[in-house]
Amino acid sequence: MSTPVTTSDAGHPAHPAAPGAWCDRCGEPAGTGDHPACRASRELEPPRYCAHCRRRMKVQVLPVGWSAVCVAHGEIRG
């Protein structure tokens, strides 16, 4: 599995691809509960919410991977 690449609109790193305060699948606070269904789904699906600001991301799934774009934090690829 490849490491996600994160860039801002200017092409510079926007934020690390580390976990944030929000679950990137359901958008709920990451500290509440264990999120077992979210972890299981994330093995096959791209993130849907920005883990840093909880915004819904624009997601594109391609045969060779996926990209998810947050308007505030840029693009993540996997």
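In case you missed it, the structure is sitting above this.
Engineer: Sorry if this is basic, but what is going on with the overall build of the protein chain here?
Structural biologist: Broken down by element type, the protein chain carries one helix and four strands. Walking the protein chain from its N terminus toward its C terminus, one meets helices and strands in the order β-α-β-β-β. Expressed as a percentage of the 78 residues in the protein chain, the buried residues total 27%. In the protein chain, the share of contacts with a sequence separation of at least 24, taken over all contacts with a separation of at least 6, comes to 32%. Counting only carbon and sulfur atoms, one obtains 56% of the accessible surface of the protein chain, whose full area is about 5200 Å².

Engineer: I would appreciate a short explanation of the nonpolar core in the present structure.
Structural biologist: Burial of nonpolar side chains together is a common tendency in soluble globular proteins. Counting residues in hydrophobic clusters, the biggest one holds six residues: C50, M57, W66, A68, C70 and I76. In terms of residue count, the dominant contributor to this core is strand 3 (residues 65-70) (three residues). Discounting residues that sit within four places of it in the chain, C70 has contacts with C50, C53, R55 and M57.

Engineer: Whenever I open this one, the pairing of strand 3 confuses me. Can you help?
Structural biologist: Summarising burial for strand 3: five of the six residues are buried, a large majority. Inspection of the sheet shows strand 2 (residues 58-62) paired to strand 3 by five bridges, in the antiparallel sense. Opposite Q60, over in strand 3, you have S67 as the bridge partner. Counted between consecutive antiparallel strands, the loop separating strand 2 from strand 3 contains two residues. For strand 3 and strand 4 (residues 74-77), the ladder comprises four bridges, and the chain directions are antiparallel. Residue pairing across strands places S67 opposite R77, the latter belonging to strand 4. In this structure, the hairpin formed by strand 3 and strand 4 is closed by a connection of three residues.

What counts, and where the lines are drawn
Residues numbered from 1 in each chain as written. Predicted model: local features only at pLDDT ≥ 70, side-chain atom pairs only at ≥ 80, totals over all residues. Heavy atoms only, no water. Helix = DSSP H or I, 4+ residues; strand = E, 2+ residues; numbered from the N terminus. Buried < 20%, exposed > 50% of the residue type's maximum accessible area, 1.4 Å probe, protein only. Contact = heavy atoms within 4.5 Å. Areas by Shrake-Rupley, 256 points an atom, 1.4 Å probe, with all protein chains shown as cover. Core = buried A, V, L, I, M, F, W, Y, C linked by side-chain atoms within 4.5 Å. Pairing = 2+ DSSP bridges.

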